[in-house]
Amino acid sequence: MALASTSPDPPSPLKNLDALYPLACTLVGDEAAPSLLVQVYERVADAPPNERPEAPEDWLALLLREAPEQGQAPSDPEAPDASSTPDAGSLRRDTAERLARNTLPVAFATCSTAERFVLALSASRLSEAPQPARLADLFEAPLPSSPSALLREKLRAVLSAPEADLIDETLSDTELHGVLRDVLRDRFAPVPSSLRARLRAVRRSSSPAAGTDKEDEKDPEGSASGDTSGGLLDRLPSRPKPRTLLFVLLLGGLVLGGGLGVSYLTGSSSSTSAPSPPTLTAFSAEQAGAVTTERATMQPAEAEAYLDSTWGRRVRLPSIESAQLRGVGRLRAAGNTEIPVVLYTGEEEARIAAFVYSYALIDRLDDTATLNTQVRSQLARRNRLVADGQAAGPGLLWRNRATIFVVVSPSLSPDALRARVQP
């Protein structure tokens, strides 16, 4: 008889997914990253147990091997590692952090694929950091030797000299990488729930074979036994007593009758209890009436400053012809998700609401509202007004950098809004 193994359970294959997902996004983009990770996990599922990756560097090797391209080689800069002076004032520090947070997306976008991968890896929270030499062997292109120096060089190429000096003098390398981690989390987090479901399906697809092997190890001679009837008869339960049998039958009848009654009463409603989520525009139109003014102002600059100080969102408000800005409110959606909303009043007191979304915010609303692939592709062009064609949610969408605006009005059609809105 085989003894049960006393070795500790292997780490979960999804342990490092939160770190691997943004790295995959830097390699192939956030749209292709789920397919790349599914391909990686399929390779792991097909491999023998003793050949499956465990260390983070093994997962990185497999990720890089499955990626279709690894981009162009960086210039391998030799900029010195600037560090901060410790006792910077709170104003300088707050300004430097806000400046870095708003500029890092531009600096990150100007990097090559190899440089983006190195920066994302340096800002990640993998359980173990792979050795630099090992990582260089895994990546075909030469890698920068100092991620911190590379990050500061890219920022200096985007910022003015005083702005770059402020960041260099105020933020340490650790703090700057922390800001980069926040930027990457806003851009790539959370891991799509659909991806987790697909990866769990990949894991389950390899489970039956593994379970069969374990059962074979427990009883290797079971299938070759000549006479098993005695053992089977021995395992049969004893015949129940008449009173016990009658009690069980009565109890089973009551449970069955109650179940049928509940099924009859709730059957008609259960078939329609899980409708598909509305579109983002329809959801915004449904919720617009519930938003109240939290900060009253008629000055766009003051409203923009409030959005920045409250949610860290630096946006440029749209101009709406024949409409007056009234203030800023917020919508609390499922999961305690807060959505900033800018409120206007048009002709004849027509209410107009501009919802301020981001891709990360929309991903958190996955079960509440949807943004389909067709609309996403139309939003690829900056400041292009898009109507999703949903009668239940008249309104327009457009994208300005990482911000997605949804403007809705109960009394104005998308065509009427299109004639008035200037992103």
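Relevant structure appears above.
Model, not experiment: these values are computed from the prediction. (Residues numbered from 1 in each chain as written. Predicted model: local features only at pLDDT ≥ 70, side-chain atom pairs only at ≥ 80, totals over all residues. Heavy atoms only, no water.)

1. A short note on the packing of aromatic side chains
Item 1. Inspection of every chain in the model, using the stated rule, returns 4 aromatic pairs.
Item 2. When the centroid spacing of 6.0 Å and the interplanar angle of 90° are considered together, the rings of Tyr 306 and Trp 311 count as edge-to-face. The two residues Tyr 306 and Trp 311 agree in class, both being buried. (Phe/Tyr/Trp six-rings, centres within 6.5 Å; stacked < 30°, edge-to-face > 60°. Buried < 20%, exposed > 50% of the residue type's maximum accessible area, 1.4 Å probe, protein only.)

2. Topic: the nonpolar core
Item 1. Ranked by internal contacts, the top residues of the largest apolar core, which has 52 residues, are Tyr 21, Leu 37, Tyr 41, Leu 63, Phe 117, Ile 167 and Leu 180.
Item 2. No other element matches helix H2 (residues 33–46), which puts 8 residues into this core.
Item 3. With 25 residues, the next largest nonpolar core counts Phe 283, Leu 361, Leu 365 and Ile 404 among its residues. (Core = buried A, V, L, I, M, F, W, Y, C linked by side-chain atoms within 4.5 Å. Helix = DSSP H or I, 4+ residues; strand = E, 2+ residues; numbered from the N terminus.)

3. Some points on the environment of Asn 102
Item 1. Of note, Asn 102 is situated in helix H4 (residues 90–109).
Item 2. Judged by relative accessible area, Asn 102 falls into the partly exposed class, the value being 25%.

4. Quick look at the pairing of strand E3 (residues 324–333)
Item 1. With 7 of 10 residues buried, E3 is to be regarded as a mostly interior element.
Item 2. Sheet topology note: the strand E1 (residues 295–296)/E3 ladder contains 2 bridges and is antiparallel. By the bridge assignment for E3, Arg 295 is matched with Val 328.
Item 3. Counted between consecutive antiparallel strands, the loop separating E3 from strand E4 (residues 337–345) contains 3 residues, among which Gly 335 sits at a positive phi close to 70°. (Pairing = 2+ DSSP bridges.)

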